[in-house]
Amino acid sequence: SEDEAFVGWDWYYAEPVGGLTLRWAGAAHSENPQTQIYADLPPGEYAVTLTAQAYHEPRQLRLLVNGVPVGEPVTVATDALQEYRFLIPASVIGDGKRVTLTLDCDGWTVPAAVGAGEDTRKLAVAVDWIRFTRLATES
């Protein structure tokens, strides 16, 4: 809740689904299924874990941090929310001010176009939560 200050363009409004509150990432205002999260973090190396579920068909998801791809793309499944983890090097975090994470998906689906009601949103993946874990560094 209260995540509006941290999410960027192309996230849909938070909505209750199956007892959880999710946000759909998609193409709300553009044709590209890229959504942003903004955070200020202490400098360092991080693991970013998120739970996601694809709409209608599996989606390839890449994470970019400050425009730099990190980790390997993952395939987000359609059957249930699953955890996906990415490692972010300290060099990409930099000073940690106004870090921009971009969830980049390979496409979206409009529910109405596949016979799933009248919803005309361009949906890629639903996200329940995102967690930043600062990793210990050797001194």
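A brief structural summary.

Each value, and the rule that gives it
- Residues numbered from 1 in each chain as written.
- Predicted model: local features only at pLDDT ≥ 70, side-chain atom pairs only at ≥ 80, totals over all residues.
- Heavy atoms only, no water.
- Pairing = 2+ DSSP bridges.
- Helix = DSSP H or I, 4+ residues; strand = E, 2+ residues; numbered from the N terminus.
- Axes fitted to C-alpha atoms, helices over the stretch in contact; angles between N-to-C directions.
- Phe/Tyr/Trp six-rings, centres within 6.5 Å; stacked < 30°, edge-to-face > 60°.
- Buried < 20%, exposed > 50% of the residue type's maximum accessible area, 1.4 Å probe, protein only.
- Contact = heavy atoms within 4.5 Å.
- Polar contact = N/O pair within 3.5 Å; in protein donor to acceptor, adjacent residues only side chain to side chain.

## Points about the pairing of strand S6 (residues 68–76)
Examined bridge by bridge, strand S5 (residues 59–65) and S6 share six bridges and lie antiparallel to one another. Each residue of the ladder has a partner; that of Leu 63, found in S6, is Val 70. Linking S5 to S6, which pair antiparallel, is a turn of two residues; within it Asn 66 sits at a positive phi near 50 degrees.

## Regarding the sheet that holds strand S7 (residues 82–88)
Overall, antiparallel pairing links the five strands, which are arranged S1-S2-S9-S4-S7 in an open sheet. On the outer flanks of this sheet lie strand S1 (15–17) and S7, each paired with one strand and no other. With strand direction ignored, the average angle separating the axes of adjacent strands in the sheet is 45 degrees. Judged from the four bridges that link them, strand S2 (residues 20–26) and strand S9 (residues 123–134) form a sheet pairing that is antiparallel. Note that in S9 the partner of Arg 23 across the bridge is Val 127.

## Comments concerning the sheet that holds strand S8 (residues 99–105)
Spatial strand order, S3-S8-S5-S6: four strands in an open sheet with antiparallel pairing. Looking at strand neighbours, the two that pair on one side only are strand S3 (34–39) and S6, the edges of this open sheet. Averaged over all neighbouring strand pairs, the angle between strand axes comes to 20 degrees, with direction disregarded.

## Here's the deal with the packing of aromatic side chains
Taken as a whole, this structure holds one aromatic pair when the rule is applied. Relative to Tyr 55, the ring of Trp 24 has its centre 5.7 Å away and its plane inclined at 85 degrees; by these criteria the two rings are edge-to-face. Note that Trp 24 is positioned in strand S2 and Tyr 55 in the loop between strand S4 (46–54) and S5, a separation of 31 residues in sequence. Across the pair, exposure class does not vary: Trp 24 and Tyr 55 are buried alike.

## Details of the pairing of S4
For a regular strand, the rule is simple: side chains alternate between the two faces of the sheet. Counting buried positions over the nine residues of S4 gives eight, a clear majority of the element. With seven bridges connecting them, S4 and S7 associate as antiparallel partners. Residue Ala 52 lies in a different strand from S7, and its bridge partner there is Gln 82. Relative to S9, S4 is paired through eight bridges, and the arrangement is antiparallel. Residue pairing across strands places Ala 52 opposite Val 127, the latter belonging to S9.

## Examining the environment of Glu 15
Here Glu 15 lies in strand S1. Setting aside chain neighbours within four positions, we find Glu 15 in contact with Leu 20, Thr 21, Leu 22, Trp 24 and Arg 121. Within the structure, the side chain of Glu 15 is placed 2.7 Å from the side chain of Arg 121, a separation counted as a polar contact.

## Structural notes on unusual backbone geometry
Of note, His 56 is a non-glycine position whose phi angle comes to about 70 degrees, a positive value. Topologically, His 56 is positioned in the loop between S4 and S5. We classify His 56 as partly exposed; its relative accessible area is 47%. A positive phi is found at Arg 98, a non-glycine position, where the angle reads about 50 degrees. Judged by relative accessible area, Arg 98 falls into the exposed class, the value being 53%.

Read these as layout, nothing more, since geometry by itself doesn't imply function.
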